[in-house]
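Descriptive structure summary
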Amino acid sequence: MIKFRDLQAQYQHLKQQIDDAVTNVMTSGGFILGKEVLELEKRLAEYVGVKHCVTCANGTDALQLAAMTLNLGKDDIVFVPDFTFFSSGEIVSLVGAIPVFVDVDRRSFNISPEALEKAVEAIAIEGKYKPKAVVAVDLFGLPAPYPELRKVCNKYDLALIEDSAQGFGGRIGNKVAGSFGDIATTSFFPAKPLGCYGDGGAVFTDNDKWADILRSLRVHGKGDNKYDNVRIGMNSRLDAIQAAILSVKLNAFEDYELDAVNQVAKRYNEMLADIEGLILPEIPEGYYSSYAQYTIVLNNQSKRDGLQEHLKSKNIPSMVYYPKPMHSQQAFAPYNFDTECLDVTKKLSETVLSLPMHPYLKDEQVAEVCEAVRYYMTAQ
Ligand SMILES: *Cc1c(COP(=O)(O)O)cnc(C)c1O
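Attention in this report is confined to the structure presented alongside it.

1. What to know about the overall build of the protein chain
Within the protein chain, the regular secondary structure consists of 11 helices and 12 strands. At 21 Å, the protein chain has a C-alpha radius of gyration in line with the 21 Å of a compact globule built from 380 residues. Expressed as lengths along the three principal axes of its C-alpha atoms, the size of the protein chain is roughly 70 × 60 × 35 Å. For the protein chain, contacts bridging at least 24 residues in sequence account for 72% of all contacts bridging at least 6. For the protein chain, the exposed area adds up to about 16,700 Å²; of that, 50% sits on carbon and sulfur atoms. Once the 39 positive and 50 negative side-chain charges of the protein chain are each reduced to a mean point, those two points are 2 Å apart.

Right, here's the structure in full:
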């Protein structure tokens, strides 16, 4: 049976080590921010190539902690891709700032630097609010176009927040996802490239002062100790059991899982290449994806929905990430958006389909998915 993401297969593979690691925490105590958490933070910072990793309760909190650290708030404009998971924009509103949604590139699915520059100019001309920051998302595992985004951020003095919830393990050249933003975040939600067995998240930065603020914010804005509170913070920590699980999974991720998803993607690319009416994911030169998703694009919505139905009839799971642009979410209805410039996202939300993708997908399972896709696409 083909799974969209097979966490059971992964557990069977790592069972002994994970069971031992969890038992260890329960025997030794230190459940919240214990020694396992501090060790993991050190390893993660090294893997990503930044000075500081500050873990927290989930990827959404990580984004909120980042926004609080940057002091984003009232009347600040924060640019967010229109095509992403809700959190990327939700945290902007949560800290009292204003999200402005920006269209994405039709091939990479990531925020378009040209569209970003246009949106910044429009806000600047209006003159009512201050453009302050960009949330760039490494969607489906592919790093956003940081060299180009950095130019726009420098030109308009914008802070760059990297939402790498799906991007952990991705690279541009030798630089690893989580090191591109002034501050970056990730999520350890079970289905993400590096997932735990519950909720978890982390913030990455090279800035010593921000790292101190983050460590304070995640424990109620603590000062010298937990009962000395110097700022309004959150209660957002990673627990030691999740950290122990993550350190076992990080070994597997580094040793073979990241390679394995790239092999699966390669196989999909080869087997689907000659089918008409499909656009396959394209990784730009010099970029490396952690393939949180393998997402194809169909010509129109009825083709997409029809293919999904057909796969379902063959017991093959698939998902639509994301069926609704951010700007059309009811929660953002109080803001006024210029929706005319969000055409790419609108079209993608009608035509994308994500196929099963995980490191334990077997060759014959990939072949089975591809055969089902081929049957539907050529029977029409
Ligand atoms: C999953 C995800 C988040 C939120 O992470 P949680 O750990 O679920 O809070 C944020 N941004 C993106 C792009 C995500 O995919």
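2. Some thoughts on the site of the ligand
In the neighbourhood of the ligand, 13 residues make up the surrounding shell, with Gly59, Thr60, Gln166, Ser187 and Lys192 lying closest. Taking Asp163, its side chain carries an N or O atom lying 2.8 Å from a nitrogen atom of the ligand. The side chain of Ser187 places a nitrogen or oxygen atom 2.7 Å from an oxygen atom of the ligand. Burial of the ligand by the protein amounts to 92% of the accessible area it has alone, namely 380 Å². Looking at the shell around the ligand, the elements that each hand over two or more residues are α3 (59-69) and α4 (87-94). Residue composition of the shell around the ligand, by class: three nonpolar, eight polar and two charged.

3. Some remarks on the sheet that holds strand β9 (residues 201-205)
Taken in spatial order, the seven strands line up as β1-β9-β8-β5-β4-β2-β3 in an open sheet, and their pairing is mixed. Looking along the sheet, the strands with just one partner apiece sit at the ends: β1 (52-56) and β3 (98-102). Within this sheet the neighbouring strands show an average axis-to-axis angle of 25°, counted without direction. Sheet topology note: the strand β2 (residues 76-81)/β3 ladder contains five bridges and is parallel. Looking across to β3, one finds that Val80 is bridged to Phe101. Strands β1, β5 (159-163), β8 (183-187) and β9 of the sheet are contacted by α3, whose axis makes an angle of about 165° with β8. Packed on one face of the sheet, helix α5 (residues 113-126) meets β2, β3 and β4 (130-137) and runs near 160° to β2.

4. Notes on the nonpolar core
Ranked by size, the top nonpolar core spans 101 residues in total, and within it Tyr268, Leu272 and Tyr294 carry the most contacts. Among the nonpolar cores identified, the runner-up in size contains 24 residues, and Ala119, Ile123, Leu149 and Tyr156 belong to it.

5. Notes on the environment of Val54
Assignment of secondary structure puts Val54 in strand β1. For the pair Val54 and Ala202, spaced 148 residues apart in the sequence, the C-alpha separation amounts to 5.5 Å.

6. A look at the sheet that holds strand β7 (residues 175-176)
Strand order across the open sheet formed by three strands is β7-β6-β10, with antiparallel pairing between neighbours. Two strands lie at the open edges of the sheet, namely β7 and β10 (287-288), each paired on one side alone.

7. Describing unusual backbone geometry
Omega for the bond connecting Tyr321 with Tyr322 falls within 30 degrees of zero, at 0°, which places this linkage in the cis form. The phi dihedral of His220 is positive, around 55°, even though this residue is not glycine. Using a relative accessible area of 35% as the deciding quantity, one classes His220 as partly exposed. Residue Asn315 is not a glycine yet carries a positive backbone phi of 65°. Assignment of secondary structure puts Asn315 in the loop between α9 (301-313) and α10 (343-351).

8. With respect to the side chain of Ser179
Inspection of the secondary structure assignment puts Ser179 in the loop between β7 and β8. Of the residues examined, Ser179 reaches a relative accessible area of 11% and is grouped as buried. One polar contact links the side chain of Ser179 to the main-chain carbonyl oxygen of Val176, over a distance of 2.6 Å. In contact with Ser179, other than residues within four places in its own chain, are Val48, Val50 and Glu162.

9. Regarding the pairing of strand β11 (residues 294-297)
Burial along β11 is two-sided: the residues Tyr294 and Ile296 and Thr295 and Val297 are all buried. Pairing geometry for β11 and strand β12 (residues 352-355), over four bridges, is antiparallel. If you follow Ile296 over to β12, its bridge partner there is Leu353.

About the criteria used
Residues numbered from 1 in each chain as written. Predicted model: local features only at pLDDT ≥ 70, side-chain atom pairs only at ≥ 80, totals over all residues. Heavy atoms only, no water. Helix = DSSP H or I, 4+ residues; strand = E, 2+ residues; numbered from the N terminus. Rg over C-alpha atoms; globule rule 2.2 N^0.38 Å. Contact = heavy atoms within 4.5 Å. Areas by Shrake-Rupley, 256 points an atom, 1.4 Å probe, with all protein chains shown as cover. Lys, Arg positive; Asp, Glu negative; His and termini not counted. Charge placed at Lys NZ, Arg CZ, Asp CG, Glu CD. Near = heavy atom within 4 Å. Polar contact = N/O pair within 3.5 Å; in protein donor to acceptor, adjacent residues only side chain to side chain. Nonpolar A, V, L, I, M, F, W, Y, C, P; charged D, E, K, R; others polar. Pairing = 2+ DSSP bridges. Axes fitted to C-alpha atoms, helices over the stretch in contact; angles between N-to-C directions. Core = buried A, V, L, I, M, F, W, Y, C linked by side-chain atoms within 4.5 Å. Buried < 20%, exposed > 50% of the residue type's maximum accessible area, 1.4 Å probe, protein only.

Nothing here speaks to function; it is all geometry.
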